[in-house]
Amino acid sequence: MMNATTNRYTTPASVTAQIAGLPDLQMAEIRSLWKELFRSDTPIYNRQYLERRIAYRLQEIEFRKVDRNLMDRNARRIKTIIETGQNKKRDRDHRPVAGTMLTREYKGIIHRIVVTPDGHYDFQGRMYPSLSMIAREITGTRWSGPLFFGLKPSATKPTSKKGVRR
């Protein structure tokens with residue numbers, strides 16, 4: 001695995017920054033990075049192909065780490081299924097898995113957030129512990145982060161049409 005002491009490609013703080021920097025690299029640097037990541041020579045010289053595969057590999061290396069919370073939730077669900085024979089509703093945990101990119105347009109501006117392996121959120125190069133903090137940063141008002149980013153439905157339910165006369 002790459003680290004800051006042996007490889008200059010890990011200097012950026014996040015995978016997103018590393019991927020964003022790929023177009024700025026010389027082709028010789030792209031081929032060198034490929035050789036380091038895949039332990040083989042580049043199969044072709046199509047730069048776009050190489051950049052896409054490198055970007056995928058960088059994400060694969062970073063986000064393949066085990067999400068302990070996800071493992072615990074899955075273990076609880078499996079235990080419940082075995083004990084009861086039923087699969088009840090999911091836990092009310094709206095945290096997306098590491099590597100997920102959330103996108104939200106607000107007042108004509110598109111905002112992108114990347115979920116990190118440690119359960120934090122990378123927004124504009126800064127780390128946040130919650131989506132609600134990011135929603136507040138974007139809107140200037142208090143919001144439920146999972147609601148703002150569409151990870152959970154609104155608490156308001158549509159009105160029933162029963163009893164309505166026409």
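Just so it is clear, the model here is predicted, and its values are computed rather than measured.

**Student:** Please clarify how the packing of aromatic side chains should be interpreted in this entry.
**Tutor:** By convention here, two paired aromatic rings are described through the distance between centres and the angle between planes. Using the criterion set out here, one finds six aromatic pairs in the structure. A centroid spacing of 5.0 Å and a plane angle of 85° characterise the contact between Phe-148 and Phe-149, whose relative ring orientation is edge-to-face. Given the relative accessible area of 9%, Phe-149 is considered buried. By way of ring pairs, the aromatic residues Tyr-106, Trp-143, Phe-148 and Phe-149 are connected into one cluster. Directly above the ring of Trp-143 sits Arg-104, whose terminal nitrogen or CZ lies 5.9 Å from the centroid. The lysine or arginine in question, Arg-104, covers the ring of Phe-148, its NZ or CZ lying 4.0 Å from the ring centre.

**Student:** Is there a simple way to explain the pattern of salt bridges in this structure?
**Tutor:** One side chain can pair with another of opposite charge once the charged atoms of both are near each other. Per the stated rule, a full pass over the model turns up five salt bridges. As a salt-bridge pair, Arg-47 and Glu-51 come within 2.6 Å of each other at their nearest N and O atoms. One end of the pair is Arg-47 and the other is Glu-51, both in helix α3 (residues 47-63) and four residues apart, which spans about a single turn. Overall, the relative accessible area of 17% leaves Glu-51 in the buried class. Put simply, Glu-83 and Lys-79 hold a salt bridge, and the shortest N to O gap is 3.9 Å.

What counts and how
All residue numbers refer to positions counted from 1 along the written sequence of the respective chain. Side-chain atom pairs in this predicted model are given and counted only at pLDDT of 80 or more, local residue features only at pLDDT of at least 70, and totals for whole chains, interfaces and linings cover all residues. Neither water nor hydrogens contribute to the side-chain values; these are computed over all heavy atoms in the structure. Put simply, two rings from Phe, Tyr or Trp (the six-membered ring, in Trp's case) pair if the centres are within 6.5 Å, and we call them stacked under 30 degrees between planes, edge-to-face over 60, tilted for the rest. Accessibility here uses a 1.4 Å probe with only protein chains present; expressed as a share of the type maximum, an area under 20% marks a residue as buried, one over 50% as exposed, and anything in between as partly exposed. For a ring to carry a charge above it, either NZ of a lysine or CZ of an arginine must fall within 6 Å of the ring centroid while also lying within 35 degrees of the normal to the ring plane. For salt bridges, the criterion is a side-chain nitrogen of Lys or Arg within 4 Å of an Asp or Glu carboxyl oxygen. The helix and strand labels rest on DSSP assignments: H or I over at least four residues marks a helix, E over at least two residues marks a strand, and numbering proceeds from the N terminus.

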